[in-house]
Amino acid sequence: MTKLKLYEYPHPILKKIAEKVTVVDDQIRQFMDDMLETMYVESGVGLAAPQVGVSKRIVVIDVAMEGEKPNPLYFVNPEIVWRSDETEVCEEGCLSIPEQRAEVERPASVKVKYLDYNGKEQELLAEGFLAVAVQHELDHLDGILYIDHLSRLKRQMLLKKLEKLRKFNKE
Ligand code: NI
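Throughout what follows, the structure given in this document is the object of discussion. None of the values given here were measured: they were computed from a predicted structure. (Residues numbered from 1 in each chain as written. Predicted model: local features only at pLDDT ≥ 70, side-chain atom pairs only at ≥ 80, totals over all residues. Heavy atoms only, no water.)

**Brief notes about the side chain of Glu92**
So, point 1. Along the polypeptide, Glu92 turns up in strand 4 (residues 87-94).
So, point 2. Sequence-distant contacts of Glu92, that is, excluding residues within four places in its chain, are made with Gln100, Arg101, Ala102, Val104, Arg106, Val132, His136 and Tyr146. (Helix = DSSP H or I, 4+ residues; strand = E, 2+ residues; numbered from the N terminus. Contact = heavy atoms within 4.5 Å.)

This is the structure in structure tokens:
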């Protein structure tokens, strides 16, 4: 497996609408293995293909806690087909926006249709933290970052902190 290069805000690939995968073949599986490896190395719970510079509708997620058995999920061409009216607020972070976090309100549960690692059609009812991860990562495929869900003021404050952090890391 290969660790892939992470693309960070404000790289334009993060704003693009990603393209559908036509067939889940060995090349796509190899890429998903590499995405998962990259996510684990970076201690992320989810990763979308545009974050590693590939504008395709592919997401990997593993919300297993430390010490629990890993539980990788692979989503190809995922689509949310149902959202609960009930919402929940959760603190989110993103590997493309290092070391920042903010609270985002989203539907508490969602139903998602997708193709799995073997190209088989699946449907999953995601609740709790998995629902947050699914919505956050699927947003990436449509060029949406979690900071796009914040008020303008909150987003500007967060981006200022990110800028400061980057300057500090350069010095
Ligand atoms: Ni993200």
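From this point on, the discussion continues.
**Things to note about the packing of aromatic side chains**
So, point 1. Under the counting rule described, the total for this entry stands at two aromatic pairs.
So, point 2. An angle of 50° between the planes, with centres 4.6 Å apart, marks the rings of Tyr74 and Tyr117 as tilted. Remark: Tyr117 occurs in the loop between strand 6 (109-115) and strand 7 (121-127) and Tyr74 occurs in strand 3 (residues 73-83); sequence separation between them is 43 residues.
So, point 3. A residue is classified by how much of its surface remains accessible, and Tyr74, at 16% relative accessible area, is buried.
So, point 4. Measuring from centroid to centroid gives 4.5 Å for Phe75 and Tyr114, while their planes differ by 55°, and the two rings are tilted. Taken together, the residues span a long stretch of sequence, with Phe75 in strand 3 and Tyr114 in strand 6 at a distance of 39 residues.
So, point 5. Owing to a relative accessible area of 0%, Phe75 belongs among the buried residues under this scheme.
So, point 6. We classify Tyr114 as buried; its relative accessible area is 9%.
So, point 7. Taking NZ or CZ as reference, Lys5 lies 4.2 Å from the ring centre of Tyr7, over its face. (Phe/Tyr/Trp six-rings, centres within 6.5 Å; stacked < 30°, edge-to-face > 60°. Buried < 20%, exposed > 50% of the residue type's maximum accessible area, 1.4 Å probe, protein only. Lys NZ or Arg CZ within 6 Å of the ring centre and 35° of its normal.)

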